[in-house]
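# Secondary and tertiary structure notes
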Amino acid sequence: MLMASGHPADDTPDPLPPSGEMAALPALSDAQLASAADVVLIQAFYRRIFESLPAQLAVFSPQGVYEYVTPSAIADPVVREWIIGRTDAEFAAFRKLPPDVPARRMETIAQVAREGSTITFEESFTSRDGDQRWFRRYVTPVKDANGNVQHVLGYGIDITEQRRAEDQLRHAQKMEAVGRLAGGVAHDFNNLITVIGGFAETLDGTFDADDPRQEAVLSIREAASRASGLTRQLLSFSRRAPIELTTLDVHEVVLDTVHLLERVIGEKIRVSLALHAAKHHIRADAGQFKQVLLNLVLNARDAMPNGGDLRIVTRKASPQTLRDLNLDATRQGYLELEVTDTGVGMTSDTMARVFEPFFTTKGPEKGTGLGLSTVYGIVSQIGGQVTVSSLLERGSTFRVIVPASAAPSGKSRDDHEATAFPGEMATLLVAEDEDGVRLLVTRILRAQGHRVLEVSSGTDAMRVVETHDGPIDLLVTDVVMGDFGGRTLADAARVVRPQLRVLYMSGYPDEDNLLDVENPTESFLKKPFTVEALKTRVDLLLRTAVNTARGE
């Protein structure tokens, strides 16, 4: 039992008095002996309960002195015995905790003892193994029959996992909101860049080389190209970048990227690889996933200006990792790609913002702040997640966890392609709600000798599909339009014209409109695009269409 003084009760009888002062000791009756035995049993019962509690529990005197503490609060029995009769300040000094932690606790205990009311608060600290833990603390008075506070009970619940889940949710919501904003801005700018760059390209070469107008055209094209790069990174972050899925060997991507960047990385940085993933194929856009690794490697290089170690590891993602990230562990597996550096590291505030677009700790001349946000968007778009852990002056580790895929069958889209397009005029339907883009596309295609039917909405496009007297060889459609999108339009149009080929265009598609690069009946054209890119995609689809119709 606990004494008011704050020390465990001592059941040993008082020492015998000196000789000559011996007094007869009263004999205990059977009832008294039975009652004492019951007390011992009750004490043992409640002690077992206290020591089984998963929550941390401690009893203090009103002065903040430890009277009792459970094993869940202090696991070491030696320390648990040592702390009785001491204060939190002494314990904090023993554990080398920051002085503000025990000061806050001692003030809370004093307030509870003074006011007689319960106080609830949350606190965090770093454990001995370097892990940050969060606890919700309850400090409540224990009063006697007269309402006087005799003890102060403190107990705490580990809410680390709850806090981490809440932080993940808040981070995901914030990134989703910023992503929607970035995607919307990039989509609108891509339409403008398509018109500016496309018409500038049609003017290129129409003036003499020494004509100032030719120089102006080249400047316009260069500016459009740079703007296109920025919007492409914004779209990658927002997970709305148009992608063409193919089966990639991640180990090949790693080897190719490291070989490509050997000179850029520099001799001061030692690179080591540990490619252990048994299933190392994934479904992703080849160019975009290479960009993921490229950005992570360059970020690691920048974090080690004086040299260091860069380590790239692949492995099968563990079940615990999947549980921590709320990923579906029932599917065929996830691949984990880890990039670790021994650089300057990051603070917790920096880690919380590291994937935000335009956030950077580098100087204005050393980066746009879009590299890691691009990584975040690309990985999210293919169903994966990217995490970061870091310690100042110790380095950082980025982990990319993506769904694994079966090895490719060996059949590529090229197997469907045949001989050159014979050159006869085709009938094309262009559906685009942006007037400038529609004008550009129709002008380019008509210059190629094609017959072009142009509409500004999905509704008008379906009307043409249903009423046009004659073949429609190819539908060229924007993915996002005012009434309904290109995917819906294509599905409806193919009910009427099953052999219809489709070329999708967009600054960003809906996530459900990801295209399979192995499908020969459709293709995707990213905005902004060049005149030559449009011609090439149309020609490719028409060649496939002509040969399919001929049974070749």
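Residues numbered from 1 in each chain as written. Predicted model: local features only at pLDDT ≥ 70, side-chain atom pairs only at ≥ 80, totals over all residues. Heavy atoms only, no water.

## Remarks on the sheet that holds strand S16 (residues 501-506)
Here is the rule we go by: One bridge is not enough; two strands pair if DSSP finds at least two bridges between them. Secondary structure elements are taken from DSSP: a helix is a run of H or I of four residues or more, a strand is a run of E of two residues or more, and numbering for both begins at the N terminus. Angular values range over 0 to 180 degrees, each being the angle between N-to-C directions of two axes fitted as lines to C-alpha atoms, with helices fitted over their stretch in contact. Between two residues, a contact is recorded if the distance between any of their heavy atoms is within 4.5 Å.
As summarised here, the arrangement of the five strands in space is S14-S13-S15-S16-S18, forming an open sheet in which the pairing is parallel. At either end of the open sheet lies a strand with only one pairing partner, and these are strand S14 (451-455) and strand S18 (522-526). Strand-to-strand twist across the sheet, computed as the mean angle between neighbouring axes with direction ignored, equals 20°. Sheet analysis places S16 next to S18, joined by five bridges and oriented parallel. From the neighbouring strand, Met505 faces S18, where its bridge partner is Leu525. In the packing of helix H15 (residues 486-496) onto the sheet, contacts are made with strand S13 (427-431), strand S15 (474-478), S16 and S18, and the angle to S16 comes to roughly 170°.

## Looking at the pairing of strand S2 (residues 66-69)
Alignment of strand S1 (residues 56-60) against S2, held across three bridges, turns out to be antiparallel. Within the sheet, the bridge partner assigned to Val59 lies in S2 and is Tyr68. Hairpin connection from S1 to S2: five residues lie between these consecutive antiparallel strands, with Gly64 at a positive phi of about 90°.

## Considerations on the packing of aromatic side chains
The cut-off we apply is this: Side-chain rings of Phe, Tyr and Trp, where Trp is taken by its six-membered ring, are said to pair if the distance between their centres is within 6.5 Å; with planes under 30 degrees apart they count as stacked, over 60 as edge-to-face, and otherwise as tilted. Burial classification: accessible surface area is computed with a 1.4 Å probe over protein chains only, and a residue below 20% of its type maximum counts as buried, one above 50% as exposed, and the rest as partly exposed. Ring-over charges, as used throughout, are those where CZ of Arg or NZ of Lys falls within 6 Å of the ring centre and within 35 degrees of the ring normal.
Inspection of the entire model under this criterion finds seven aromatic pairs. Ring geometry for Trp82 versus Phe94: centroids 5.0 Å apart, planes at 40°, classification tilted. With Trp82 in helix H2 (residues 77-82) and Phe94 in helix H3 (residues 88-95), this residue pair connects regions lying 12 residues apart in the sequence. Residue Trp82 is classed as partly exposed on the basis of its relative accessible area of 27%. An aromatic cluster is present here, built from Phe60, Tyr66, Trp82, Phe91 and Phe94 joined pairwise through their rings. If you follow Arg163 out to its NZ or CZ, it ends over the ring of Trp134, 3.7 Å from the centre.

## Regarding helix H7 (residues 250-260)
Note the following rule: Note that the arc is computed from the directions linking the helix axis to the C-beta atoms. Between N or O atoms, a polar contact is any pair within 3.5 Å; within protein, one atom must be a potential hydrogen donor and the other a potential acceptor, and residues adjacent in sequence are included only when both atoms are from side chains.
Considered for burial, the residues of H7 that qualify are Val250, His251, Val253, Val254, Thr257 and Val258. Seen from one end, H7 has its buried residues packed into an arc of 160°, which puts them on one side. Exposed and facing more than 90 degrees away from the buried side of H7 are His259 and Leu260. One side-chain oxygen at the N-terminal end of H7 lies 2.9 Å from the backbone nitrogen of His251; it belongs to Asp249.

## So, the pairing of strand S12 (residues 395-403)
With eight of its nine residues buried, S12 lies for the most part within the structure. As paired strands, strand S10 (residues 334-341) and S12 are joined by eight bridges and run antiparallel to one another. Across the sheet, residue Thr340 finds its bridge partner in S12, namely Thr397. The sheet contact formed by strand S11 (residues 385-391) and S12 spans seven bridges and is antiparallel. Its bridge partner lying in S12, Ser389 is registered against Thr397. Hairpin connection, S11 to S12: the antiparallel pair is bridged by three residues, and Glu393 has positive phi, about 65°.

## Quick notes on the nonpolar core
Under the convention used in this document: The set of buried Ala, Val, Leu, Ile, Met, Phe, Trp, Tyr and Cys residues whose side-chain atoms join them within 4.5 Å is what this entry labels a nonpolar core.
One finds Phe289, Leu296, Leu310, Leu337, Phe355 and Val400 to be the most contacted residues of the largest nonpolar core, which totals 39 residues. Top contributing element to this core by residue count: helix H9 (residues 286-302), with seven residues. Membership of the second largest hydrophobic core comes to 21 residues, among which are Val430, Leu440, Val452 and Leu534.

Remember that the coordinates give geometry; whether it matters functionally is a separate question.
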